[in-house]
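Spelled out, the chains give:
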Amino acid sequence: MAEDPLALVPDFPDEDPSTYPPIQPGGSLILAWQVRNKRVVLVGGGNVAATRLVHLLSASASITLIAPPSGLHPETAYRLKTHASQITYIPRNFQPTDLTTSPSTISLVLTAIDDPVASTEIYTLSKQLGLPVNVADVPPECDFYFGSVHRDGPLQVMVSTNGNGPKLAAMIRRRIADSLPRDISTAIVRVGELRGKLRKLAPGKEEGGEEDGVD
Ligand SMILES: C[C@@]1(CC(=O)O)c2cc3[nH]c(cc4nc(cc5[nH]c(cc(n2)[C@H]1CCC(=O)O)[C@@](C)(CC(=O)O)[C@@H]5CCC(=O)O)C(CC(=O)O)=C4CCC(=O)O)c(CCC(=O)O)c3CC(=O)O
Ligand SMILES: NC(=O)C1=CN([C@@H]2O[C@H](COP(=O)(O)OP(=O)(O)OC[C@H]3O[C@@H](n4cnc5c(N)ncnc54)[C@H](O)[C@@H]3O)[C@@H](O)[C@H]2O)C=CC1
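The present account deals with the structure reproduced in this document. (Residues numbered from 1 in each chain as written. Chains lettered and ligands numbered in written order. Predicted model: local features only at pLDDT ≥ 70, side-chain atom pairs only at ≥ 80, totals over all residues. Heavy atoms only, no water.)

The next subject is the environment of R39. Here R39 lies in strand β1 (residues 39–43). For R39, a relative accessible area of 26% corresponds to the partly exposed category. Setting aside anything within four residues of it in sequence, one finds R39 in contact with S62, I63, T64, T88, T105, I106, S107 and L108. Engagement of the side chain of R39 in a polar contact is seen with the backbone oxygen of I63, the distance being 3.3 Å. (Helix = DSSP H or I, 4+ residues; strand = E, 2+ residues; numbered from the N terminus. Buried < 20%, exposed > 50% of the residue type's maximum accessible area, 1.4 Å probe, protein only. Contact = heavy atoms within 4.5 Å. Polar contact = N/O pair within 3.5 Å; in protein donor to acceptor, adjacent residues only side chain to side chain.)

This part is about the sheet that holds strand β4 (residues 106–111). Pairing in this open sheet of 5 strands is parallel, and the strands run β3-β2-β1-β4-β5 from one edge to the other. Here the strands that pair on one side only, and so sit at the sheet edges, are β3 (87–90) and β5 (133–135). Neighbouring strand axes in the sheet, compared pairwise and without regard to direction, differ in orientation by 15° on average. As paired elements, β1 and β4 share 5 bridges and run parallel to each other. By the bridge assignment, L42 is partnered in β4 with L110. The sheet contacts of helix α4 (residues 116–128) involve β1, β4 and β5, and relative to β5 the element is tilted by about 170°. (Pairing = 2+ DSSP bridges. Axes fitted to C-alpha atoms, helices over the stretch in contact; angles between N-to-C directions.)

In this structure, V40, L42, L53, L56, I63, L65 and I87 are the most contacted members of the largest nonpolar core, which totals 18 residues. Every element with two or more residues in this core is listed here: β1, α1 (47–58), β2 (62–66) and β4. Filtering out sequence-adjacent residues up to four positions away, L56 remains in contact with V40, L42, A61, I63, Q86 and L110. Counting residues in hydrophobic clusters, the runner-up holds 12 residues, among them F94, L99, L125 and L131. (Core = buried A, V, L, I, M, F, W, Y, C linked by side-chain atoms within 4.5 Å.)

See the structure below:
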């Protein structure tokens with residue numbers, strides 16, 4: 001029989017586990033997902049799609065937006081025109097070939113449509129193709145949730161209530177934003193510039209200390 005791998009894990013008698021962060025299961029893995037120049041398929045052109053576009057354009061994604069012209073929200077229509085180089089517009093309802101033709105080029109699928117049957121079809125197809133998907137309105141058909149985001153230059157703060165209260169998330173986000181110093185983004189930009197300079201001056205030596213230098 002194979003040896004129990006836990007038997008190989010060393011003991012650390014001098015360590016105090018009560019100093020480690022407690023685990024609260026049931027949360028989300030909150031990440032800063034890099035979608036720059038990656039293809040994101042957004043189905044729907046209404047109000048919710050307009051909010052998704054703000055996030056995707058802010059993250060410099062390459063977007064394919066699929067929605068009939070008749071259903072476009074004014075903000076979505078505006079973004080299509082102002083960001084034509086970043087958004088490929090397909091002016092019709094979703095078709096399975098939108099995903100099946102070249103799934104390996106797609107990073108994410110988002111739906112924001114008022115048709116639950118079509119939503120489920122897109123969800124099922126995305127899962128068959130191994131693509132991460134968010135179906136607005138249907139938490140069980142989401143590999144990831146959106147959160148309420150405060151953006152100020154390089155700073156992004158996201159609040160999630162893990163499906164419990166999206167409006168509450170927006171309220172908490174506003175409170176956090178109000179509590180931040182007004183010039184915080186300038187400070188962050190300067191720290192970024194300093195780190196860049198330090199990297200050039202002492203390549204490979206920055207770990208564990210440059211913020212002390214900034215202090
Ligand atoms: C699970 C999740 C999945 C996801 O969308 O990724 C989800 C699900 C659902 N939302 C619903 C409704 C509304 N959502 C909003 C607003 C936001 N919703 C957002 C996220 C999320 N919404 C994810 C969980 C995030 C979390 O828990 O923290 C925000 C934070 C981010 C964003 O979407 O960009 C954004 C605020 C951004 C901001 O303002 O800062 C409003 C208010 C409005 O539009 O003004 C309403 C209408 C009023 C109301 O119902 O409260 C319904 C019921 C639909 C119905 O049946 O009517 C469901 C489905 C359900 O709960 O079952
Ligand atoms: N954050 C969230 O999760 C929230 C979700 N919602 C839900 O999200 C959904 C969308 O909301 P809104 O944008 O306000 O709706 P909307 O009615 O303004 O827009 C729906 C859009 O989907 C398009 N559409 C419908 N069927 C389509 C298909 N088969 N292929 C391509 N496009 C199609 C329409 O043409 C339109 O552009 C609704 O179900 C709503 O209840 C609403 C608020 C917040």
